[in-house]
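Coordinates in review
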Amino acid sequence: MLRITEIFYSLQGETSRMGLPTVFVRLTGCPLRCGYCDTAYAFSGGKNMSVSEIMEAVVSYSPHYVTVTGGEPLAQVNSLALLTALCDQGYSVSLETSGALDISRVDTRVSRIVDIKTPGSGEMEKNHWENLTRLTAHDEIKFVLCDKADYDWARQKLLELELDTICPVLFSPAYNQLGPADLAAWILHDRLPVRLQLQLHKLLWGECVGR
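It should be emphasised that the depicted structure is a prediction, and the values quoted were computed from it without experimental measurement.

Criteria and cut-off values
Residues numbered from 1 in each chain as written. Predicted model: local features only at pLDDT ≥ 70, side-chain atom pairs only at ≥ 80, totals over all residues. Heavy atoms only, no water. Buried < 20%, exposed > 50% of the residue type's maximum accessible area, 1.4 Å probe, protein only. Helix = DSSP H or I, 4+ residues; strand = E, 2+ residues; numbered from the N terminus. Contact = heavy atoms within 4.5 Å. Core = buried A, V, L, I, M, F, W, Y, C linked by side-chain atoms within 4.5 Å. Phe/Tyr/Trp six-rings, centres within 6.5 Å; stacked < 30°, edge-to-face > 60°. Pairing = 2+ DSSP bridges. Axes fitted to C-alpha atoms, helices over the stretch in contact; angles between N-to-C directions.

The element helix H2 (residues 79–88) is largely enclosed, with a buried count of 7 among its 10 residues. In this structure, the buried side of H2 is in contact with strand S1 (2–11), strand S2 (21–27), helix H1 (51–59), strand S4 (65–69) and strand S5 (92–97).

Next comes the structure, spelled out in structure tokens:
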């Protein structure tokens, strides 16, 4: 069984899959409390569902893309079985994870979107740095940036660890905290090999649950 907050169909708002019609499976619970978190409603509540029940709900949308998100999906050990079942069904599957938990047991067919928490998140000490050695070219690294100090820190990590040689790197401004145009200017000035990422779903619908 898994604790599920919601299953819904929308456009992918983030990552290189931005804009693609996607089914989202949002798991309940997260061990982190990032200051900019926009899914605090998934910290508790939800309902218990079996993997087969989740699969039935996903199939009803006839999707090509499926994203497993949270909360923190990997906080529930049975999320690994769900990810494998989705891959076995033929879906293109991505996992959105905080980067605080070990990703080594995630099915290799899954595109793992791994956060690196910045000082501004308030959870920098939770970064599980060993995950970087487990990433492949079809995964992605994401930094959510709160201010210029976060940008400078992320830039240092990018260059020091040569993150762009591992997989695509995303720099995203924290919603209503850092101006996207400011972040764009810094990236261009420093000629960084990263992708500026805005949250498409928020541009379309604002902070709306189930979008």
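Right, picking up where we left off after that structure.
Core analysis: the largest hydrophobic core is formed by 46 residues, its most contacted members being Val 25, Ile 54, Leu 82, Leu 86, Ile 141, Phe 143 and Phe 171. Among the elements that line this core, the one with the most residues is H2, at 6 residues. Aside from chain neighbours lying at most four places away, what touches Ile 141 is Val 114, Ile 116, Leu 132, Leu 135, Leu 163, Cys 167, Pro 168, Val 169 and Leu 170. Of all hydrophobic cores here, the second largest spans 8 residues; its members include Cys 34, Ala 100, Val 144 and Ala 174.

Turning to the packing of aromatic side chains, a few remarks are in order. Counting across every chain of the model gives 7 aromatic pairs. Here the aromatic rings of Trp 129 and Trp 153 are separated by 6.4 Å at their centres, their planes lie at 50°, and the arrangement is tilted. Here Trp 129, found in the loop between strand S6 (111–115) and strand S7 (140–145), pairs with Trp 153, found in helix H3 (residues 148–161); they are 24 residues apart in sequence, far enough to count as distant. A residue is classified by how much of its surface remains accessible, and Trp 153, at 14% relative accessible area, is buried. Both rings, one in Phe 143 and one in Trp 153, keep their centres 6.4 Å apart while their planes meet at 75°; by these two values the pair is edge-to-face.

To continue, consider the sheet that holds strand S9 (residues 195–196). One open sheet accounts for 9 strands, arranged S3-S1-S2-S4-S5-S6-S7-S8-S9; its pairing is mixed. The two strands at the open ends of the sheet, each matched to only one other strand, are strand S3 (47–49) and S9. Bridge analysis of S1 against S3 gives 3 bridges, and the strand direction is antiparallel. Counted as the bridge partner of Ile 4 is Lys 47 from S3. Against the sheet, H1 touches S1, S2, S3 and S4, its axis set at about 15° to S1.

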